[in-house]
Amino acid sequence: MNEIQRRRTFAIISHPDAGKTTLTEKFLLFGGQIQVAGAVKNNKIRKTATSDWMDIEKQRGISVSTSVMEFDYLPDGESGEPYKVNILDTPGHQDFAEDTYRTLTAVDSAIIVVDGAKGVEAQTRKLMEVCRMRNTPVIIFINKMDREGRDPFDLLDELEEELQIKVRPLSWPIGQGQRFKGVYNIYEQQLNLFTPNKQRVTEKVAVDINSKELDEKVGEREAQQLGDDLELVDGVYPAFVKETYRSAEVAPVFFGSALNNFGVQELLDCFVDIAPSPKPTKAEERMVEPTESKFTGFIFKITANIDPNHRSCIAFCKVCSGKFVRNQPYLHVRQGKTVRFSSPTQFMAQRKSTVEEAYPGDIVGLPDNGIFKIGDTLTEGELLHFRGLPSFSPLLFKYIENDDPMKSKQFQKGLDQLMDEGVAQLFVNQFNGRKVVGTVGQLQFEVIQYRLEHEYNAKCRWEPVHLYKACWVEADDVTELDNFKKRKYQYMAKDTEGRDVFLADSSYVLSMAQQDFKNIRFHFTSEF
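Residues numbered from 1 in each chain as written. Predicted model: local features only at pLDDT ≥ 70, side-chain atom pairs only at ≥ 80, totals over all residues. Heavy atoms only, no water.

(A) Fine view of the packing of aromatic side chains. On inspection of all chains with the given rule, the structure shows 16 aromatic pairs. Pairing F445 with W462 gives two aromatic rings, centres 4.9 Å apart and planes at 65 degrees, and the pair type is edge-to-face. Taken together, the positions of F445 in helix α12 (residues 442-456) and W462 in strand β27 (residues 460-464) put the pair 17 residues apart, joining distant regions of the chain. Of the two residues, F445 and W462, neither departs from the other in class, the shared state being buried. Judged by centre distance (6.4 Å) and plane angle (85 degrees), the ring pair of Y491 and F502 falls under edge-to-face. Of this pair, Y491 sits in the loop between α13 (478-487) and β29 (492-494) while F502 sits in strand β30 (residues 500-504), and the two are 11 residues apart along the sequence. What links up through ring pairs into an aromatic cluster is the set F295, F324, Y330, F341 and F372. Above the ring of Y468, the side-chain terminus of K469 is found at 6.0 Å from the ring centroid. (Phe/Tyr/Trp six-rings, centres within 6.5 Å; stacked < 30°, edge-to-face > 60°. Helix = DSSP H or I, 4+ residues; strand = E, 2+ residues; numbered from the N terminus. Buried < 20%, exposed > 50% of the residue type's maximum accessible area, 1.4 Å probe, protein only. Lys NZ or Arg CZ within 6 Å of the ring centre and 35° of its normal.)

(B) Examining the nonpolar core more closely. Counting 51 residues, the largest nonpolar core has I140, L159 and W172 as its most contacted members. For this core, the element with the most residues is helix α6 (residues 152-163), which contributes five residues. Taken domain by domain, the makeup of this core includes at least three residues from each of domain 1 (3-274) and domain 2 (281-379). Apart from the residues within four sequence positions on either side, W172 is in contact with P152, F153, L156, G182, V183, Y184, I186, L226, D229, L230, V233 and F255. Membership of the second largest hydrophobic core comes to 30 residues, among which are L28, F240, A258 and I274. (Core = buried A, V, L, I, M, F, W, Y, C linked by side-chain atoms within 4.5 Å. Domains from an automatic or database assignment. Contact = heavy atoms within 4.5 Å.)

(C) Quick look at the sheet that holds β30. An order of β27-β24-β26-β25-β29-β30-β28-β31 is seen for the eight strands of this open sheet, with the pairing classed as antiparallel. The open sheet has two free edges, formed respectively by β27 and β31 (521-523), since each of these has just one partner strand. Averaged over all pairs of adjacent strands, the angle between strand axes in this sheet comes to 40 degrees, irrespective of strand direction. Bridge count for strand β28 (residues 469-474) against β31 is three bridges, and the pairing is antiparallel. The partner of E474 across the bridge, within β31, is R521. Sitting on the sheet, α12 touches β24 (396-402), β26 (435-439) and β27, and the angle it makes with β24 is about 15 degrees. The sheet contacts of helix α14 (residues 507-516) involve β28, β30 and β31, and relative to β30 the element is tilted by about 130 degrees. (Pairing = 2+ DSSP bridges. Axes fitted to C-alpha atoms, helices over the stretch in contact; angles between N-to-C directions.)

(D) Local environment of the pattern of salt bridges. Summed over the entire model, instances satisfying the criterion amount to 23 salt bridges. Note that D376 is salt-bridged to R334, the shortest N-O span being 2.8 Å. In this pair, D376 is assigned in the loop between β22 (363-368) and β23 (377-379) and R334 in the loop between β17 (330-332) and β18 (337-339), connecting sequence segments 42 residues apart. Classification of R334 as partly exposed rests on a relative accessible area of 43%. (Salt bridge = Lys/Arg side-chain N within 4 Å of Asp/Glu carboxyl O.)

(E) Quick peek at unusual backbone geometry. Here the phi dihedral of N327 falls at roughly 65 degrees; this positive angle occurs in a residue that is not glycine. As for its placement among the helices and strands, N327 is situated in the loop between β16 (324-325) and β17. Here N327 falls in the partly exposed class, since its relative accessible area comes to 37%. One non-glycine residue, N457, lies in positive phi territory at about 60 degrees. Mapped onto the elements, N457 comes out in the loop between α12 and β27.

(F) Spatial organisation of the environment of F141. Note that F141 resides in strand β5 (residues 138-143). The spatial distance from the C-alpha of F141 to the C-alpha of G19 is 9.9 Å, given a sequence separation of 122 residues.

The following block contains the structure:
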């Protein structure tokens, strides 16, 4: 029970460039995992962000794949065992949204980062919808307060309207941009003045809000303004109740600047205090409680080539209940086989260490030699199936061809491993045997090409194919399905699991097919 209580597993999500990766770095700094934070974009400092470890991420300054990190953290002045924090830093770029949606199935809460100057952006809305579907509690961090931005009250109104959730500020900025002096911590009722420092944590000054000392520290006008703002906040927003946050009705809001370390510690201290410990997970058969004695877990992500020297895949397993122990036999439900893991690992981005045991809420990396698919369940013998890991119907399609006939083995292996990661989807056309890759965004084609070349030493080339939609088809009547496949022979394909996929080349063809074949079900996500 004690181990479950001290776990906090969460994802950091946002629109690209709002500052997710920078915030993750600062959390690791406070957790004592790194001594100096890498500047994500600064070329003078040759350190890159800890969580962006793929070459392509370092070159472009964006996150391409979700990375998993864990650290222990005990807020100042508290005694007892530290909290165990598991962070999943997700890609913000919408081309990799699918990776992010999947990651949200493995966390108990989320922190949404919003750019103080831009406010709520399209991708933020979409991510909030996914949180709402799952009732995931969210905390909002309004970043970049050290730049000129919008009025904090306007931002709060926009958050409520756009994200359709009530908000309650738990810290308040004093000025912004050039006049930014610090953050008043409403949750602990104390004022912290910081000096901007991008790389190391600075000492903080505690000041009584009602004393004359405040005027000296921030100036009379600012002190007066702060008093008025706080009065208004207490007048407009109801008092903060932990339960409303945990039931995902209210989102606490913090202000700060991740780059300059303003307001990050307030966020972290409050987060470990109020965020939920691991929650029950819904399986098809029943609800699985974290406190159960037997181990269960599911694979929510697979990463190929974490270590380029060894062509290995790692499957990330979220522990849902019981205790995971190294070298114990566990049942791989889909294959009906017993498997053992001699070297399960825990992560700090690319650095990893072997782990002897793990508890609910933890993320364990399991070496994968091709036995796992996303969504697989591991148990101590019970037949359980965890659901809710969708693959959406892709938006863009291209033929993929091997550009170097001498390297066909590397090409095939690379393609298989990258598709198992769920970066994109692969369909094999039954008519001409050509491989079609479907993605959600243009950038994924570049990532696949780059990774095939640099990680698998294989070259590929893309050829255009005109397709509108891929949909999975099934029917109760086998003859009807065969009839459909004969009629649509040119447009039929198989996905990596051997299911039938209809590749429609226009919306007209699709609607006609739906009209002509009434008994056939067309699915637009792979989960049915």
